[in-house]
Amino acid sequence: NPLHDRLVGRRAGSDAVFLRLPGGETVSYAGFAARVAQFAGALAGAGLNPGDRLAAQTEKSWHALALGMACAQAGVIHLPLNTAYTEDELTYFIGDSEAAMVVCDPSRRNGLSPIAARFGAALETLDADGGGSLALAADAMPGAFDTVPRSADDLAAFLYTSGTTGRSKGAMLTQNNLLSNADALVETWRFTEADTLLHALPIFHTHGLFVATNVILAAGGSMILLPKFDIDEVIGALPGATSMMGVPTFYSRLLSDTRLDRDLVGHIRLFVSGSAPLLEETHRQWEARTGHRILERYGMTETNMNTSNPYEGERRAGTVGFPLPGVELRILDRDTGAEVPNGEIGVIEIRGPNVFKGYWRMPEKTAAELRPDGWFVTGDLGRVDGDGYLWIVGRDKDLVITGGFNVYPKEVEAALDEVPGVLETAVIGVPHPDWGEAVVAVVARVEGGVVSEDDVLRAASKLAKFKQPKTVVFRESLPRNTMGKVQKAALRGEYANLFD
Ligand code: AMP
């Protein structure tokens with residue numbers, strides 16, 4: 001069982017601190033390993049068998065982290081679920097995965113009980129303070145458990161994609177998918193036992209669950225575990241941390257607070273950003289204010305992390321850097337499928353030990369995106385510059401094709417973002433009788449900002465005519481999901497009839 005043994009088992013006797021909790025409590029590696037073993041005992045005691053799925057919709061807490069690792073130790077597949085999912089959505093995940101057990105917050109027990117019963121799943125509860133029926137069962141178990149043998153290729157987790165287009169798919173991740181990626185990131189980002197990571201991300205998504213937690217476990221460092229991103233708590237915790245991993249909104253929100261300065265982050269050695277594009281402007285402002293260059297990386301649910309800016313060497317704003325050790329990258333023409341020359345835009349494909357095993361019970365979707373020789377078609381568009389840095393120009397499905405020309409939203413957005421008074425922009429394609437699709441700029445202004453359609457169009461006039469927006473719509477803010485991604489599909493839906 002490489003995942004459990006490497007990340008938890010080998011430090012089961014260590015008094016070193018793994019977690020620092022709000023309020024000053026700490027959890028040692030030994031304490032964490034013992035709690036993991038107790039949960040593993042409770043899972044085995046409830047009759048879960050290796051390969052069974054455990055669906056967990058739990059509040060962020062160290063107990064929920066321990067439950068995830070207990071799944072590994074008991075050979076059970078961990079299926080973490082977004083805390084925002086409704087009962088309707090949960091019905092799909094529980095039914096689709098054929099979960100043998102559902103673990104939820106006690107407050108959701110009544111709503112979930114008929115759903116679990118319908119699919120024959122056991123239902124247990126776990127709250128953020130370590131209470132609930134599963135926690136009680138764990139309390140009665142010994143702090144050691146005979147780890148269920150698993151091989152590197154056995155499944156460790158199902159992570160459902162955010163499903164912004166169509167049904168959410170269960171990405172099947174193996175023990176080695178997770179472990180190899182943690183090792184690659186520890187090496188690339190130089191994590192050691194001396195590190196303390198500020199953790200304010202959710203733990204149902206690859207970023208907070210695997211990238212942050214597994215990297216710290218693999219390095220033997222410690223983590224300040226905050227329940228969520230709360231600006232006061234994050235500012236309070238920064239001086240005690242050596243690193244932070246965040247989505248771009250963490251950085252823009254910190255920049256809007258006057259308490260952010262060089263002193264506050266003097267102790268930090270590394271800021272990492274990912275899950276959504278970091279504006280070049282945010283990168284520059286962050287450096288001006290703190291003296292730190294944010295290290296941006298690129299990954300996804302299906303592949304874990306793929307590329308990263310260098311630790312030493314230039315962290316180039318607007319790029320996601322180079323492939324991680326062991327990861328291969330290529331860029332194919334979206335029409336011909338041929339590899340494009342350096343500098344040209346195409347679909348990004350990834351191959352390596354990080355790439356998942358396929359989508360659960362979706363052989364056609366798997367075949368469409370995962371080639372027999374191991375290359376995964378990411379659906380992201382990008383290009384590699386002369387120095388080998390990868391630039392992401394948007395999702396393939398967000399590409400605008402107007403009058404037969406391809407418009408990459410990112411290029412137009414970058415031009416519009418420079419207009420004074422503009423907070424952020426999203427460029428989308430909207431059905432148009434003449435052009436097929438028309439370029440539309442959706443613009444959010446900074447608070448009190450005065451920006452007209454003319455100002456926006458003037459900024460776009462430096463681009464080729466076909467890339468310039470046909471119209472500009474202003475709105476208070478852009479719709480985002482919990483990981484900070486702008487929801488372009490929602491915007492396309494909303495403005496679909498603009499040119500009727
Ligand atoms: P998810 O599976 O929810 O983690 O979403 C993965 C997608 O997020 C990728 O396919 C990219 O489109 C996007 N993404 C992740 N990191 C970055 C980044 N640093 N810059 C731009 N897009 C990113």
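Please refer to the structure higher up on the page.
Residues numbered from 1 in each chain as written. Predicted model: local features only at pLDDT ≥ 70, side-chain atom pairs only at ≥ 80, totals over all residues. Heavy atoms only, no water.

Asks: What's the story with unusual backbone geometry in this structure? I'm lost.
Replies: With glycine set apart, most residues show a phi of negative sign, and most peptide bonds adopt trans. Of note in this structure, S275 is not a glycine but carries a positive phi near 85°. Within the secondary structure layout, S275 lies in the loop between β12 (270-273) and α11 (280-290). For N304, which is not a glycine, the phi torsion comes out positive at approximately 55°. Examined against the element boundaries, N304 turns out to sit in strand β14 (residues 304-308). (Helix = DSSP H or I, 4+ residues; strand = E, 2+ residues; numbered from the N terminus.)

Asks: Honestly, the packing of aromatic side chains in this entry has me stumped. Any pointers?
Replies: Any pair of aromatic rings gets described here by the distance separating the centres and the angle formed by the planes. A full pass over the atoms with the stated rule returns 16 aromatic pairs. Taking 5.2 Å as the distance between ring centres and 80° as the angle between the ring planes, the aromatic pair formed by F356 and F376 counts as edge-to-face. With a gap of 20 residues between them, F356 in the loop between β17 (346-351) and α12 (363-369) and F376 in strand β18 (residues 376-384) connect regions that are remote in the sequence. Looking at R11, its charged tip hangs above the ring of Y29, at a distance of 5.5 Å from the centre. The cationic tip of R269 hangs over the ring face of F191; the distance from NZ or CZ to the ring centre is 4.7 Å. (Phe/Tyr/Trp six-rings, centres within 6.5 Å; stacked < 30°, edge-to-face > 60°. Lys NZ or Arg CZ within 6 Å of the ring centre and 35° of its normal.)

Asks: Hey, could you run me through the nonpolar core in this one?
Replies: One recurring pattern in soluble globular proteins is that nonpolar side chains are buried together. Of all hydrophobic cores here, the largest spans 111 residues; its most connected members are L19, F32, L54, F191, L238 and M245. In terms of residue count, helix α3 (residues 62-74) provides more of this core than any other element does, 10 residues in total. Setting aside residues no more than four positions away along its own chain, L238 makes contact with L198, M244, L254, L264, V265, I268 and F271. (Core = buried A, V, L, I, M, F, W, Y, C linked by side-chain atoms within 4.5 Å. Buried < 20%, exposed > 50% of the residue type's maximum accessible area, 1.4 Å probe, protein only. Contact = heavy atoms within 4.5 Å.)

Asks: I keep staring at the pattern of salt bridges and nothing clicks. Help me out?
Replies: Between side chains of opposite charge, pairing is possible as soon as their charged atoms come close. Overall, the coordinates contain 28 salt bridges when judged by the stated rule. The shortest N-O distance in the salt bridge between D195 and R269 comes to 2.8 Å. One end of the pair, D195, is in the loop between α7 (175-189) and β9 (196-199); the other, R269, is in the loop between α10 (248-255) and β12, with 74 residues separating them in the sequence. A relative accessible area of 3% places D195 in the buried class. On the basis of relative accessible area, R269 is assigned to the partly exposed category, the value being 23%. Residues E413 and K488 are paired through a salt bridge, measuring 2.6 Å at the closest nitrogen-oxygen approach. Residue E413 is found in helix α13 (residues 409-417), and its partner K488 is found in helix α15 (residues 488-494); the two are separated by 75 residues along the sequence. There is no split in this pair, since E413 and K488 are both buried. Look at the salt bridges and you will find they share partners, linking E314, R316, D385 and D387 into a network. (Salt bridge = Lys/Arg side-chain N within 4 Å of Asp/Glu carboxyl O.)

Asks: Teacher, can you tell me more about the pairing of β18 here?
Replies: Both faces of the sheet carry side chains from a regular strand, because those side chains alternate between them. Summarising burial for β18: 8 of the 9 residues are buried, a large majority. Here β17 runs beside β18; their pairing, made up of 4 bridges, is antiparallel. From the neighbouring strand, V347 faces β18, where its bridge partner is L381. Both β18 and strand β19 (residues 390-395) contribute to a ladder of 5 bridges, which runs antiparallel. Within β19, the position partnered with G382 by the bridge is I392. What sits between β18 and β19 in their antiparallel hairpin is a turn of 5 residues, with G388 showing a positive phi close to 90°. (Pairing = 2+ DSSP bridges.)

Asks: When you look at the site of the ligand in this model, what are you seeing that I'm missing?
Replies: Neighbouring the ligand are 15 residues; E296, R297, T301, D380 and R395 lie closest to it. One nitrogen or oxygen atom from the side chain of E296 is found 2.9 Å from a nitrogen atom belonging to the ligand. Between the ligand and D380 there is a distance of 2.6 Å, counted from an oxygen atom to a side-chain nitrogen or oxygen. Starting from 500 Å² of accessible surface for the ligand in isolation, the protein chains cover 90%. Counting only elements with at least two residues in the shell around the ligand, the list comes to β13 (295-300) and β19. Broken down by element, the shell around the ligand gets its largest block of residues, 5 residues, from β13. (Near = heavy atom within 4 Å. Polar contact = N/O pair within 3.5 Å; in protein donor to acceptor, adjacent residues only side chain to side chain. Areas by Shrake-Rupley, 256 points an atom, 1.4 Å probe, with all protein chains shown as cover.)

Asks: Would you mind showing me how to read the sheet that holds β17 here?
Replies: Picture the strands of a sheet paired through backbone hydrogen bonds; they go either parallel or antiparallel. In space, the 4 strands of this open sheet follow the order β16-β17-β18-β19, with antiparallel pairing throughout. Two strands bound the open sheet, and with one partner strand each, they are β16 (328-332) and β19. Neighbouring strand axes in the sheet, compared pairwise and without regard to direction, differ in orientation by 45° on average. (Axes fitted to C-alpha atoms, helices over the stretch in contact; angles between N-to-C directions.)

Any link to function would need more than the numbers given here.
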